[in-house]
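Single-letter residue listing:
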Amino acid sequence: MDLTPGLSAGIADPLWLLLRQWQLGELTGDDGGTPVAVDVASSWSRFTRFRPEGSGSPGQGGSGEGMPLGEGDGPLERMVEREAVLTGAPQGVPWAAAVQAGRAFRRRLQEHGVGAVADRLMAAAPQTIFSAAVPDGAVSGPHEARFTALLAGKVLDGARVLELLDGPGLPVEAIGADYPAQVEAAVLLWRTDLAEEWGAPASSSWVSDRLEYAFSIGAPPLPPDDFAALPAEGAGEEIVLRAAEYDGTGVAWHSLDLDRDPGAVLGAAADGDGPHAGDSFGAGPTGRQVRSMLAAPLSYPGMPAQRYWEFEDATVSLGNASAGPTDLARLLAIDFAVVYSPDWFLVPVELPVGCVARVDWVIVRDSFGVATVVGTAGHQAGDGAGRMFQPDIIGGAGVADVPLLVVLPSALGAANSEPLEDVALQRDEAANLAWAIESRILGPAGRGVDRPWLRSEFALEAATTAEAYDLVWRLATPVAQPWTPLVAVNGGDGTQPMLRRARLLETETGDVRSAQGVLMGGVHDICDEEITRSGINVRLLDQLARGCDGSSYIWRGRTKQAWKGEASSGLRFDAATPRPTP
């Protein structure tokens, strides 16, 4: 068989191919030269202030100065979510944290050659010995049993040692007369370690009535754009980015909005005084740079090939995309991918982590030596076009477009522990209530304790009488133990509907019960719109992440996400129910 005709790829209708090339725009020839080099000028300003805006904090509502924010503070999520564990914990110090703090205290004493002080302290102050006492009404599990059997009465309680230091101090007979300086140095290092690992900011970012975080970060004004004919609107002002509804699942650029309200400043404008850092990323809060780089063609899987006879990747088949007469957006996307996709190029711009940046201008030099100004920051601010990776603007009146790029010091790929607490908040339309269902809560040992519930816990019990009967009157039908009702009430202003955490009467015993976990323990009212028909799930967990310098950071935080829909408790009051069948 002769393969020559097939390999030669002969053309029977060359005029059709010419018309096809004309149709696809290959004969227009208006592209000019190919980009060879790109000059990019960029400016940046590092984030220097952080303001928590949680319930009860001084910054609640988005006002007040922020606290300093530096590179050593770790990922932004840690600053926002970190909760107190060893001191100021809402439900007491977990046993695990108290024991670990006691071990760390003994280890610091041994490093300074005074390890015997720990044993003398346990003898002189018995209250510093760990005692696994379960609080009244607390839920315990296997972890509590292990702590009681292995550690109770045998190790130091770090939380009790802290209380002793903050009060009367360590007993003289425990310190001894020969090594007071060594003990003081060991205590100082130990307290520094505890503040770094177990401490928390003075104010919280958690908004209890919305079950989410709120915070703001601020940066000094960006360096002036010398290329702009007129100063851009907002030039020379502090840059404030605000996250009013952060759910704890990771801070990204779209989590924050640019707040132009004059009353929202954090005091970061004073942090930018002095000369700019220039091209150096390691000095100064602000800086500018001009870079000349090579442009690389932008590509994606299934992109149309630039050469006519080149076989294309089969990952995406644009020819098989279907569109109806009204699918204009789909048709435009296909047309753009087929005709203009090879016309895009990629240029990397290096910026410091933890800053807000601005691309001042871009100049493209092509293969013919022609330099073309692609755009400037001033032009972008007035074109009215939307852009990706640019925060929305809130606050202020008549504010123009502000083309900014946010580079956050976020935790990428943080490792999460098993949930320490797991609470589902769901609607119950039949009972006209919402429920907080605690499937796992934090036990005294600092580990999660499961609270499983069965449908049998909602079953109606038979009446204890020997007389014949057909109906049983009940004050209320039973509800499983982990369920806590949320009752609709008017808010403080009388207009905002709220869901208030209530208590439930156990008709069998006469006891009144409510939520027992950390998550619901600090909640009084929840905004009604927060619990939708799909419900929400709130979790408490420990997280581990590495910072930009490679250091490890551990913190305890909360997450909020959509859940599985409505729940049905079958709760009824003043009900006459038929006699249960055996």
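See the structure printed just above.
These figures come from a predicted structure and were not determined experimentally.

Draft legend 1. Region of the structure containing the overall build of the protein. Looking only at helices and strands, the protein has 12 helices and 27 strands in total. Compactness check: the protein gives a C-alpha radius of gyration of 32 Å against a globular reference of 25 Å for 582 residues, more than 25% above the reference. Counting only C-alpha atoms, the protein reaches 100 × 85 × 65 Å along its principal axes. Counting across all 582 residues of the protein, residues that qualify as buried make up 41%. When the accessible area of the protein is evaluated, it comes to approximately 31,700 Å², of which 56% is carbon and sulfur surface.

Draft legend 2. Summary view of the side chain of Ser 43. With respect to the secondary-structure elements, Ser 43 resides in strand β1 (residues 35-46). Its relative accessible area of 0% is what places Ser 43 among the buried residues. Side chain to side chain, Ser 43 and Asp 360 meet in a polar contact 2.6 Å long. Once residues within four sequence positions are removed from consideration, Ser 43 is found in contact with Leu 222, Pro 223, Gly 287, Arg 288, Val 356, Ala 357, Arg 358 and Asp 360.

Draft legend 3. Local environment of helix α7 (residues 158-166). Taken together, the buried positions of α7 are Gly 158, Ala 159, Val 161, Leu 162, Leu 164 and Leu 165. At its buried positions, α7 is contacted by α4 (95-111), α5 (116-124) and α9 (180-197).

Draft legend 4. View of the nonpolar core. Within the largest apolar cluster, 43 residues are counted, with the highest numbers of intra-cluster contacts made by Phe 47, Phe 215, Ile 217, Leu 425 and Met 520. Listed by contribution, the elements that provide at least two residues to this core are α3 (76-81), β5 (212-219), β6 (239-246), β16 (421-428), β17 (433-442), α12 (518-521) and β25 (536-546). Ignoring any residue separated from it by four or fewer positions in sequence, one finds Ile 217 in contact with Phe 47, Arg 49, Phe 50, Leu 69, Leu 76, Ile 239, Val 240, Leu 241, Leu 256, Leu 266 and Leu 408. Ala 98, Val 114, Trp 190 and Leu 194 belong to the second largest nonpolar core, which has 29 residues in total.

Draft legend 5. Structural context of the pairing of β16. Of all the 8 residues making up β16, 8 are buried; the element is thus mostly covered by neighbouring parts of the structure. Neither face of β16 is open: one carries Glu 421, Val 423, Leu 425 and Arg 427, the other Asp 422, Ala 424, Gln 426 and Asp 428, and all of them are buried. Relative to β25, β16 runs antiparallel, the two being bridged by 5 bridges. Bridge pairing in β25 links Ala 424 to Asn 537. Of the strand pairs in this sheet, β16 and β17 are connected by 7 bridges, and their pairing is antiparallel. By the bridge assignment for β17, Ala 424 is matched with Ile 437.

Draft legend 6. Expanded view of the layout of surface pockets. Roughly 1,400 Å³ of internal volume is contained in the largest pocket. As for the largest pocket, its lining consists of 36 residues, of which Trp 344, Phe 345, Val 362, Val 374 and Gln 380 are closest to the centre. Looking at the lining of the largest pocket, the elements that each hand over two or more residues are β1, β10 (345-346), β11 (355-366), β12 (371-376) and α11 (377-383). Broken down by element, the residue count for the lining of the largest pocket peaks at 7 residues, all from β11. Of the residues in the lining of the largest pocket, the class split is 22 nonpolar, 8 polar and 6 charged.

Draft legend 7. Structural context of the side chain of Arg 82. Along the chain, Arg 82 turns up in the loop between α3 and α4. No salt bridge forms around the buried Arg 82; measuring N to O, its nearest opposite-charge neighbour Glu 196 is 5.6 Å away. Sequence-distant contacts of Arg 82, that is, excluding residues within four places in its chain, are made with Glu 77, Ala 195, Glu 196, Gly 199, Ala 200, Pro 201, Trp 555 and Arg 556.

Draft legend 8. Here's a closer look at the packing of aromatic side chains. Enumeration over the complete set of coordinates arrives at 13 aromatic pairs. Put simply, the rings of Phe 50, Trp 206, Tyr 213, Phe 215 and Tyr 246 pair up and form one aromatic cluster. Against the face of Trp 206 rests Arg 558, its NZ or CZ located 5.0 Å from the ring centre.

Draft legend 9. Representation of the packing of α7 against α9. Between α7 and α9, whose axes approach to 12 Å, the crossing angle comes to 120 degrees. The pairing of α7 with α9 is recorded here as oblique in orientation. Crossing angle aside, the handedness with which α7 passes α9 is left-handed. Residues Gly 158, Val 161, Leu 162, Leu 165 and Asp 166 of α7 touch α9, and the partners they reach there are Val 187, Trp 190, Arg 191 and Leu 194. Along the lines of polarity and charge, the residues of the contact of α7 with α9 split into 6 nonpolar, 1 polar and 2 charged.

Draft legend 10. Spotlight on the environment of Val 99. Within the secondary structure, Val 99 sits in helix α4. For Val 99, a relative accessible area of 5% corresponds to the buried category. Sequence-wise, Val 99 and Gly 395 are 296 residues apart; in three dimensions their C-alpha atoms are separated by 48 Å.

Draft legend 11. The pattern of salt bridges, seen in detail. For the structure shown, the criterion picks out 24 salt bridges. Salt-bridge contacts for Glu 53 lead to Arg 51; the nearest nitrogen and oxygen are separated by 3.1 Å. Accessibility expressed as a relative area gives 3% for Glu 53, which makes it buried. For Arg 51, a relative accessible area of 1% translates into the label buried. The shortest N-O distance in the salt bridge between Arg 108 and Asp 193 comes to 2.7 Å. Taken together, the residues Arg 108 in helix α4 and Asp 193 in helix α9 connect sequence positions 85 residues apart. When salt bridges that share partners are traced, they join Arg 210, Glu 212, Glu 529, Glu 530 and Lys 560 into one network.

Draft legend 12. A nonpolar patch on the surface, seen in detail. Residues Leu 298, Phe 336, Tyr 340, Trp 344 and Leu 346 make up a contiguous nonpolar surface patch of roughly 510 Å² in combined accessible area. Note on placement: Trp 344 falls in the loop between α10 (328-339) and β10. For Trp 344, a relative accessible area of 45% translates into the label partly exposed.

Draft legend 13. Representation of the packing of α4 against α9 within the structure. Two numbers describe how α4 lies on α9: the axes approach to 9 Å, and their chain directions differ by 145 degrees. α9 is crossed by α4, and the crossing has right-handed handedness. Every residue of α9 that contacts α4 at Ala 101, Ala 104, Phe 105, Arg 108 and Leu 109 is listed here: Ala 186, Val 187, Leu 189, Trp 190, Asp 193 and Leu 194.

How each quantity is defined
- Residues numbered from 1 in each chain as written.
- Predicted model: local features only at pLDDT ≥ 70, side-chain atom pairs only at ≥ 80, totals over all residues.
- Heavy atoms only, no water.
- Helix = DSSP H or I, 4+ residues; strand = E, 2+ residues; numbered from the N terminus.
- Rg over C-alpha atoms; globule rule 2.2 N^0.38 Å.
- Buried < 20%, exposed > 50% of the residue type's maximum accessible area, 1.4 Å probe, protein only.
- Areas by Shrake-Rupley, 256 points an atom, 1.4 Å probe, with all protein chains shown as cover.
- Polar contact = N/O pair within 3.5 Å; in protein donor to acceptor, adjacent residues only side chain to side chain.
- Contact = heavy atoms within 4.5 Å.
- Core = buried A, V, L, I, M, F, W, Y, C linked by side-chain atoms within 4.5 Å.
- Pairing = 2+ DSSP bridges.
- 1 Å grid on protein atoms, 1.4 Å probe; cavity = no way out; pocket = protein on both sides within 12 Å on 5 of 7 lines; lining within 4 Å.
- Points joined across faces, edges and corners; volume = space filled by probe spheres on them.
- Nonpolar A, V, L, I, M, F, W, Y, C, P; charged D, E, K, R; others polar.
- Lys, Arg positive; Asp, Glu negative; His and termini not counted.
- Salt bridge = Lys/Arg side-chain N within 4 Å of Asp/Glu carboxyl O.
- Phe/Tyr/Trp six-rings, centres within 6.5 Å; stacked < 30°, edge-to-face > 60°.
- Lys NZ or Arg CZ within 6 Å of the ring centre and 35° of its normal.
- Axes fitted to C-alpha atoms, helices over the stretch in contact; angles between N-to-C directions.
- Parallel < 35°, antiparallel > 145°, perpendicular 65-115°, else oblique.
- Left-handed = near helix turned anticlockwise from the far one by under 90°.
- Patch = residues over 30% accessible without salt bridge, like charges linked within 9 Å, V, L, I, M, F, W, Y side chains within 5 Å.

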